[in-house]
Amino acid sequence: MNAALITGSAVVALITALGVVAQTTPGPGQHGGNPELPAPQRGLLPDMAIAEPAGWDGRLPTVPTGWTIKAIATDLKIPRQTLVLPNGDILVAEGRGGGAPKLTPKDFIAGVIKARGNTAVKGGNRLTLLRDADGDGAYEGRWVYAENLDAPYGLAFAGGKIYVANQNALVRFDYTDGQTQAAAAPTTVALLPSAVNHHWTKALTVDAEGRFLYVGIGSNSNIGERGMAVEENRALVWQVDATTGAVRPFATGLRNPTALAFEPGTRQLWTVVNERDELGPDLVPDYLTSVREGAFYGWPYAYWGPNVDPRIQPGDDEKVQATVKPDYALQSHSAPLGLAFSQAGLPAPFAEGAFVGLHGSWNRQEPVGYKVIFVPFSGGKPNGAPVDFVAGFQADGKTMGRPVGVTLDPKGAVIVADDLSNTVWRVTPSAQ
Amino acid sequence: MHAVIATSALPLFLGALLSDWAYSRSFQPQWINFSSWLIAGALVLTGVAMLWALVELLRRRGSLISLLLLLATFVLGFVNALVHARDGAATMPTGLVLSAMVLVLAAVAVGVGLTAWCRRAAA
C-alpha cells in the first residue's frame, strides 16, 4: 500500500519534471539586419504561453503621446485585413479559414490548446463596409458589401476593381464610387493553391499601375512534416496578371508571407513573414523584407541565410547555399500579420517607415508581439530600432486584443484590425 | 490478468518501432504519423494494465515488481510520445532508440506478469 503510494507520487514528480521545458531567456527584442541567432533548442514539450482572452471593459490600447485611438467598428466576425477605398470608406475582410486535416495526436491536442487564445466567434466570410459620411471620425455607416466568400483575407484596389484573396481563389468585384453593396457575384481572376491550407491566409497587394497583383501563399506545415508533395506552390509570393489571370512564382522559400505592400518612394514590394516554430524562444526571427524577384528565402531547408534546419530530410545543400538573408528581423514568434507604409504628412517620427501589426506569440513562455510597431525607414530602407505604435493589448496576464491588418488612411490615420476583440481601431494624430 | 492486457500493447509498441525504422530510412512523414498513433494506443493499453496491476496489488494478489515494470514502460513510452510530437526529422534518432527501449521494457513486463499469472493458475 505504502509502496504503491510512494510509486504514485514518484510518477507525478517524474511527469512534472519531464514537463519542465527549456528555460527561457528574457526577450532581447531582436530586430534589424543582423539578429543574434542562438543555437536551436527544443525540450520535450515546446515552450508555450497561450493568450487568455478578456474583454476591454472600457480600457483602450495605448498610443504615443499626441495620438488618439478609437474603436470604429465592434462585433465584427473576425476582421483580418482592411482596405481604404478612394472615397474614404473602409472595407473589412472577415473570416477564418484552414481546416487542415489532423494527422497526429499532436494535431488534436495543439488544436485545442491554440484555439483558447483566439476568438470563439464564427468567421463571417464576408466584407463589411464602414463609412464616415460627415468626416467626424465616427463611422456611423455600416453595410455588408459581399458575403458567402471563402475566408477572405488580402484586399487590394486598382482600376475600379476591388480584388479579394479568398483562401481558395483571387476574385474581383467591379466597384463604383459610393457603392455599399457589390452589384454582382465576384469574378474569379485566378485559383489559388488551397489543398490542406495549414497556413490559409492569402495576402494581397497590387502595383501602382494595377497591372500585376502579388499574392502571399503560406506553407502547408511548420517544417515539412506533412511531406513535400503538399508544398508545391506554397511558401512563396505569386505574381498574377490582373487581366489574364496568369500566375508565376515571384519569390520562394517564404514560410508564411502574411502581408504585402509597396514602399511608395522606391515602388519596391515588401512583405512580412512568419518564420518556423519549435527551435527555441529566440529562433527563428520573423522578418520584414523587400521581395527580390527570383530570390529564395530558405524555407524549409535553411533560415536567415544558409543556417541549415535539420528537421527537413532529405536536405538540399544547393537550396541552403542559395538562401538569401531577409532585410530586417522582427522578434521571433511575434507573428507579423499586418504591413502598411507611412506617408508624408504623418507627424514625426512616423512620417517614413512601415507599420507592422504583430498578432503575438504562442511558442514562447514570455509573450512577445501583441502590438503594432513602427519600423523607421530612410531612403526606402529600414533605419533604426522599431518603436511601439499601438500597445496595451495585454494587461494583468490577460489578452484583450490581437492586431492583424494595418492600413493607412490617406486622411492621416492608421486603421488596425483586431481579430480577438473583433474590433477595427482607428488611430489619429490628436489634432484631427 | 493485467499481463493479458499488457500483452495486447506489445504489437503496437512493435509496430511503432518498425514504422520508426521505416521513417528513418525513407523520411516519408506517414511512417512517423503511424508511430505516433501506435504509441498513443499502446500507452492507453499500458495504462489500463497498470491500473489493473495496482488493483491486484491492493487486493494482495499482485506483485510490486510487475507494477513497477509497467510504470517504467508507461513513463518511457510517454516520453517517446512527446519525442514523436516533434516536427519532421527532429523525431530522429531519439524516437527510434526510445521505441526500441520501450518495446524491450514492455516485453519484460509482460514476461514477468505472465509467468506470475501462470504460476498462480497452476497453484
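Residues numbered from 1 in each chain as written. Chains lettered and ligands numbered in written order. Predicted model: local features only at pLDDT ≥ 70, side-chain atom pairs only at ≥ 80, totals over all residues.

Student: Which residues make up the overall build of chain A, and what values do they have?
Tutor: A count of helical and extended segments in chain A gives 3 helices and 29 strands. The C-alpha radius of gyration of chain A comes to 22 Å, within 12% of the 22 Å expected for a compact globule of 432 residues. Each principal axis of the C-alpha distribution contributes one length, and for chain A these read about 80 × 50 × 40 Å. Residue burial in chain A is summarised as follows: out of 432 residues, 47% are buried. Restricting to contacts in chain A with at least 6 residues of sequence separation, those with at least 24 account for 60%. (Helix = DSSP H or I, 4+ residues; strand = E, 2+ residues; numbered from the N terminus. Rg over C-alpha atoms; globule rule 2.2 N^0.38 Å. Buried ≥ 20, exposed ≤ 12 C-beta atoms within 10 Å, placed from the backbone. Contact = placed C-beta atoms within 7 Å.)

Student: Describe the overall build of chain B, with residues and values.
Tutor: If you tally the helices and strands in chain B, you get 4 helices and 0 strands. From first element to last, N terminus to C terminus, chain B shows the α and β order α-α-α-α. Taken over the C-alpha trace, chain B has a radius of gyration of 15 Å; the compact-globule value for 123 residues is 14 Å, and the two agree within 12%. Principal-axis analysis of the C-alpha atoms places the extent of chain B at approximately 50 × 20 × 15 Å. Residues counted as buried form 47% of the 123 residues belonging to chain B.

Student: Residues and numbers for the sheet that holds strand 3 (residues 90-94) of chain A, please.
Tutor: All names here are of chain A. Read across the sheet, 4 strands follow the order 2-3-4-5 without closing on themselves; strand pairing throughout is antiparallel. Of all the strands in the sheet, just strand 2 (79-84) and strand 5 (141-146) have a single pairing partner and so form its edges. Each strand of the sheet is rotated relative to its neighbour by a mean of 25°, with strand direction disregarded. Strand direction decides the pairing type here: strand 2 and strand 3, joined by 5 bridges, are antiparallel. Bridging from a neighbouring strand, Pro-79 pairs with Glu-94 of strand 3. (Pairing = 2+ DSSP bridges. Axes fitted to C-alpha atoms, helices over the stretch in contact; angles between N-to-C directions.)

Student: Pulling in residues and values, what's your account of unusual backbone geometry?
Tutor: Residue and element names in this part refer to chain A. Here the amide bond leading from Trp-299 into Pro-300 is cis, since omega sits at 0°, within 30 degrees of zero. The residue Pro-300 is located in the loop between strand 16 (286-290) and strand 17 (302-303) in this model. Of note, the bond from Gln-313 into Pro-314 is cis; its omega dihedral lies within 30 degrees of zero at -5°. Relative to the helices and strands, Pro-314 resides in the loop between strand 18 (307-308) and helix 3 (317-322). A positive phi angle is found at Asp-396, which is not glycine, with a value near 50°.

Student: Would you mind going over the environment of Ala-110 of chain A in detail, with residue names and values included?
Tutor: With respect to the helices and strands, Ala-110 of chain A occurs in helix 2 (residues 105-115). For the pair Ala-110 of chain A and Asn-256 of chain A, spaced 146 residues apart in the sequence, the C-alpha separation amounts to 19 Å.

Student: Kindly report on the sheet that holds strand 1 (residues 67-73) of chain A, identifying the contributing residues and their values.
Tutor: Adjacent strands of a sheet pair through backbone hydrogen bonds, lying either parallel or antiparallel. Residue and element names in this part refer to chain A. On the basis of which strands lie adjacent, the open sheet formed by 4 strands has the order 1-29-28-27 and antiparallel pairing. A strand with exactly one partner marks an edge of an open sheet, and here the two such strands are strand 1 and strand 27 (403-409). Each neighbouring strand pair of the sheet contributes to a mean axis angle of 25°, computed without reference to strand direction.

Student: Please provide a residue-by-residue account of helix 2 (residues 29-58) of chain B, values included.
Tutor: Residues lying three or four places apart along an α-helix face the same way, a consequence of the helix completing one turn every 3.6 residues. With 30 residues, helix 2 of chain B should reach 44 Å at 1.5 Å per residue; the first-to-last C-alpha distance of 44 Å fits that figure. Phi turns positive one or two residues past the end of helix 2 of chain B, at Arg-60 of chain B, with a value near 55°. (Expected span 1.5 Å × (residues − 1).)

Student: Give a description of the packing of helix 2 of chain B against helix 3 (residues 64-84) of chain B that names residues and reports values.
Tutor: Residue and element names in this part refer to chain B. Packing of helix 2 against helix 3 leaves a shortest axis separation of 9 Å and a crossing angle of 155°. Viewed along their axes, helix 2 and helix 3 adopt a mutual orientation that is roughly antiparallel. Handedness of the crossing formed by helix 2 with helix 3: left-handed. A per-class count over the contact of helix 2 with helix 3 returns 17 nonpolar, 9 polar and no charged. (Parallel < 35°, antiparallel > 145°, perpendicular 65-115°, else oblique. Left-handed = near helix turned anticlockwise from the far one by under 90°. Nonpolar A, V, L, I, M, F, W, Y, C, P; charged D, E, K, R; others polar.)

Student: Report on the interface of chain B and chain A, specifying residues and quantitative values.
Tutor: Counting residues at the interface gives 22 residues for chain B and 26 residues for chain A. Per-element accounting of the side of chain B that touches chain A gives the leading share, 8 residues, to helix 2 of chain B.

Student: Describe the pairing of strand 28 (residues 413-418) of chain A, with residues and values.
Tutor: Residues and elements named next belong to chain A. With 6 of its 6 residues buried, strand 28 lies for the most part within the structure. Residues Ala-413, Ile-415 and Ala-417 point to one face of strand 28 and Val-414, Val-416 and Asp-418 to the other, with burial holding for every one of them. Counting the residues between successive antiparallel strands, the hairpin from strand 27 to strand 28 contains 3 residues, one of them, Gly-412, with a positive phi of roughly 95°. Remark: 4 residues form the turn of the hairpin made by strand 28 and strand 29 (residues 423-429), two consecutive strands paired antiparallel; Asn-422 in that turn has positive phi of roughly 55°.

Student: I'd love a proper account of the confidence of the model for chain A, names of residues and values included.
Tutor: The predicted coordinates should not be examined in detail at positions where pLDDT is low. On average, chain A scores 92 in pLDDT, and the residues at 70 or more come to 93%. This model gives residues 1-28 of chain A a pLDDT under 50, and the stretch forms 34 contacts once residues within four places in sequence are excluded. (pLDDT = per-residue confidence, 0-100.)

Student: An account of the nonpolar core is requested, with residue identities and associated values reported.
Tutor: Core analysis: the largest hydrophobic core is formed by 92 residues, its most contacted members being Leu-213, Val-215, Val-237, Leu-339 and Val-356 of chain A. Grouped together as the second largest cluster of nonpolar side chains are 32 residues, Phe-13, Ala-53, Leu-98 and Ala-106 of chain B included. (Core = buried A, V, L, I, M, F, W, Y, C linked by C-beta atoms within 7 Å.)

Student: Summarise the environment of Gln-181 of chain A; cite the residues concerned and give the values.
Tutor: Residue and element names in this part refer to chain A. Locating Gln-181 in the fold gives a position in the loop between strand 8 (169-174) and strand 9 (187-191). For Gln-181, a count of 11 C-beta atoms within 10 Å puts it in the exposed group. With near-sequence residues (within four places) excluded, Gln-181 lies in contact with Trp-143 and Tyr-145.

Student: Could you give an account of the environment of Asn-220 of chain A, naming the residues involved and the relevant values?
Tutor: Residue and element names in this part refer to chain A. The topology assignment puts Asn-220 in the loop between strand 11 (212-217) and strand 12 (236-241). In this structure, the C-alpha to C-alpha distance between Asn-220 and Val-230, residues 10 residues apart in sequence, is 6.6 Å. Aside from chain neighbours lying at most four places away, what touches Asn-220 is Val-196, His-198, Arg-226, Val-230, Glu-231 and Arg-234.

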